[in-house]
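Summary of the model geometry
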Amino acid sequence: MLVIVGIVVVFGCVFGAYAVHGGHLGVLWQPSEFVIILGAAIGALIISSTKTGLKAVGAAFKRALKGPHYKKADYVELLSVLYQLFRLAKTKGMLALEQHVEKPDESTLFAQFPKFQHDHHAVEFLCDYLRMMTLGTENPNEVETLIDAELETHHAELHVGSHAIQNTADAMPALGIVAAVLGVIHTMGSITEPPEILGHLIGAALVGTFFGILMSYGVFAPIANSVVATDTADGKYFQCIKAGLLAHMQGYPPAVSVEFARKVLWSTERPSFYEVEQAVSALPAP
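All of the points below concern the structure found in this document. Keep in mind it's a predicted model, so treat the numbers as computed, not measured. (Residues numbered from 1 in each chain as written. Predicted model: local features only at pLDDT ≥ 70, side-chain atom pairs only at ≥ 80, totals over all residues. Heavy atoms only, no water.)

To continue, consider the overall build of the protein. Within the protein, the secondary structure is distributed over 12 helices and zero strands. The C-alpha atoms of the protein give a radius of gyration of 27 Å, which is well past the 19 Å a tight globule of 286 residues would have. Each of the three principal axes of the protein carries a C-alpha extent, and together these read 90 × 40 × 30 Å. For the protein, the residues scored as buried account for 41% of the 286 residues in total. Considering only contacts within the protein whose residues lie at least 6 apart along the sequence, 77% involve residues at least 24 apart. When the accessible surface of the protein is totalled, it reaches about 15,300 Å², and 66% of it is carbon and sulfur. In the protein, which carries 18 positive and 26 negative side-chain charges, the distance between the mean positions of the two groups comes to 7 Å. (Helix = DSSP H or I, 4+ residues; strand = E, 2+ residues; numbered from the N terminus. Rg over C-alpha atoms; globule rule 2.2 N^0.38 Å. Buried < 20%, exposed > 50% of the residue type's maximum accessible area, 1.4 Å probe, protein only. Contact = heavy atoms within 4.5 Å. Areas by Shrake-Rupley, 256 points an atom, 1.4 Å probe, with all protein chains shown as cover. Lys, Arg positive; Asp, Glu negative; His and termini not counted. Charge placed at Lys NZ, Arg CZ, Asp CG, Glu CD.)

Okay, structure coming up:
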């Protein structure tokens, strides 16, 4: 939503100030210039991407429009999930987690947390490492290295979309120059026309440069940055899981392990210690 608001502000200020100072908005309507710049940008994007990459671009635009997926309530739920799992493992042993890990869709424990249960990526991420622990993995350093490698791969996959959008933004000013040069060529071919016609042709050519720069720095580059910020914020969800798992593997009690997980969250989304304590105290015995 903020992306749409920002774009409205950008175009409103640019075109509004231009009109207030006596500029004629009709002169800026040059569809052929827009087709050259946007068409070439889309073509270059297709050339430089794979099918998977193009899908990633579409997904990146959606994430930019929606903003971060996880809110404070989601983190409270996640910390509660971790607490229940760690408490069950402490009281009944790691093998007690096996039935929940192997079939999370049928798990009575995960059913207590419906939003988490329907987040297939998060469930798979958590269950994969819990499964390794039930199979005898005991070295937290090795698990940390593996988690970091998986998260790095996941982030690289997410960044394909934002990188493609940023590359498009970087190309826009140059493509604007291409459109402007074509406009100048057209103008030179009409050099015998009267001044008013030549002025219109020159103005149309300059619109290409203007439009390329505006779309680059006013739209595409900010969207790319928004995608990166959104992905970074959502990445904290998995960092939270990582911190809790590693603390549990080092033998800390469930409440302490959850506190390790809570402390890695952004301050804007991090629930307080007492909010988490209140949430986990209301949970039934596993």
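Now that the structure has been shown, the text picks up again.
Core analysis: the largest hydrophobic core is formed by 42 residues, its most contacted members being Leu85, Phe116, Leu126, Tyr237 and Leu245. Among the secondary structure elements, those contributing two or more residues to this core are α4 (72–92), α6 (108–111), α8 (120–134), α9 (140–188), α10 (195–249), α11 (254–263) and α12 (273–281). Here the element with the most residues in this core is α4; it accounts for 10 residues. Apart from the residues within four sequence positions on either side, tyrosine 237 is in contact with Tyr70, Asp74, Tyr75, Leu78, Phe116, Asp119 and Ala122. With 24 residues, the next largest nonpolar core counts Val3, Ile37, Ile165 and Ala169 among its residues. (Core = buried A, V, L, I, M, F, W, Y, C linked by side-chain atoms within 4.5 Å.)

In this structure the tally under the stated criterion is eight salt bridges. Aspartate 74 is paired through a salt bridge with lysine 115; the nearest N and O atoms lie 2.9 Å apart. Residue aspartate 74 is located in helix α4, and its partner lysine 115 is located in helix α7 (residues 114–117); the two are separated by 41 residues in the primary sequence. Of the residues examined, aspartate 74 reaches a relative accessible area of 5% and is grouped as buried. (Salt bridge = Lys/Arg side-chain N within 4 Å of Asp/Glu carboxyl O.)

Among the structural elements, lysine 242 can be located in helix α10. What lysine 242 contacts, discounting residues up to four positions off in sequence, is Glu144, Ile147 and Asp148.

A pair of packed helices can be characterised by two numbers: the angle between their axes and the separation between those axes. Axis separation between α8 and α9 bottoms out at 12 Å; the angle between their running directions is 160°. Our classification of the angle between α8 and α9 gives roughly antiparallel. α9 is crossed by α8, and the crossing has right-handed handedness. Residues His121, Phe125, Tyr129 and Met132 of α8 form the contact with α9, whose participating residues are Val143, Leu146, Ile147, Glu150, Leu151 and His154. Counted by class, the contact of α8 with α9 contains seven nonpolar, two polar and one charged residues. (Axes fitted to C-alpha atoms, helices over the stretch in contact; angles between N-to-C directions. Parallel < 35°, antiparallel > 145°, perpendicular 65-115°, else oblique. Left-handed = near helix turned anticlockwise from the far one by under 90°. Nonpolar A, V, L, I, M, F, W, Y, C, P; charged D, E, K, R; others polar.)

Between its first and last C-alpha atoms α9 spans 71 Å; for 49 residues at 1.5 Å apiece the expected length is 72 Å, and the two agree. By the largest-angle criterion, methionine 172 marks the main kink of α9, which is about 35°, and a proline, proline 173, follows within four residues. The distance from a side-chain oxygen at the start of α9 to the backbone nitrogen of asparagine 141 is 2.9 Å, and the residue carrying that oxygen is asparagine 139. (Expected span 1.5 Å × (residues − 1). Bend = angle between axes of the 7 residues up to and from the residue. Polar contact = N/O pair within 3.5 Å; in protein donor to acceptor, adjacent residues only side chain to side chain.)

Under the criterion given, the structure shown has 13 aromatic pairs. Between tyrosine 70 and tyrosine 75 the ring centres are 6.4 Å apart and the planes differ by 55°, which places this aromatic pair in the tilted class. A ring pair is formed by phenylalanine 125 and tyrosine 129, whose centres lie 5.3 Å apart and whose planes are at 65°; its orientation type is edge-to-face. Placement of both phenylalanine 125 and tyrosine 129 in helix α8 is noted, with a separation of four residues, approximately one turn of the helix. Lying across the ring of tryptophan 266, lysine 236 places its NZ or CZ 5.0 Å from the centre. (Phe/Tyr/Trp six-rings, centres within 6.5 Å; stacked < 30°, edge-to-face > 60°. Lys NZ or Arg CZ within 6 Å of the ring centre and 35° of its normal.)

It is worth spelling out α10 at this point. Taking 1.5 Å per residue, 55 residues should reach 81 Å; α10 reaches 80 Å between its end C-alpha atoms and fits that length. Of all the bends in α10, the largest measures some 40° and sits at serine 216.

Looking now at the environment of lysine 66. Structurally, lysine 66 is set in helix α3 (residues 51–66). Using a relative accessible area of 70% as the deciding quantity, one classes lysine 66 as exposed. Considering only alpha carbons, one finds lysine 66 and valine 207, 141 residues apart in sequence, at a separation of 32 Å.

As far as function goes, none of this settles anything; it's purely spatial.
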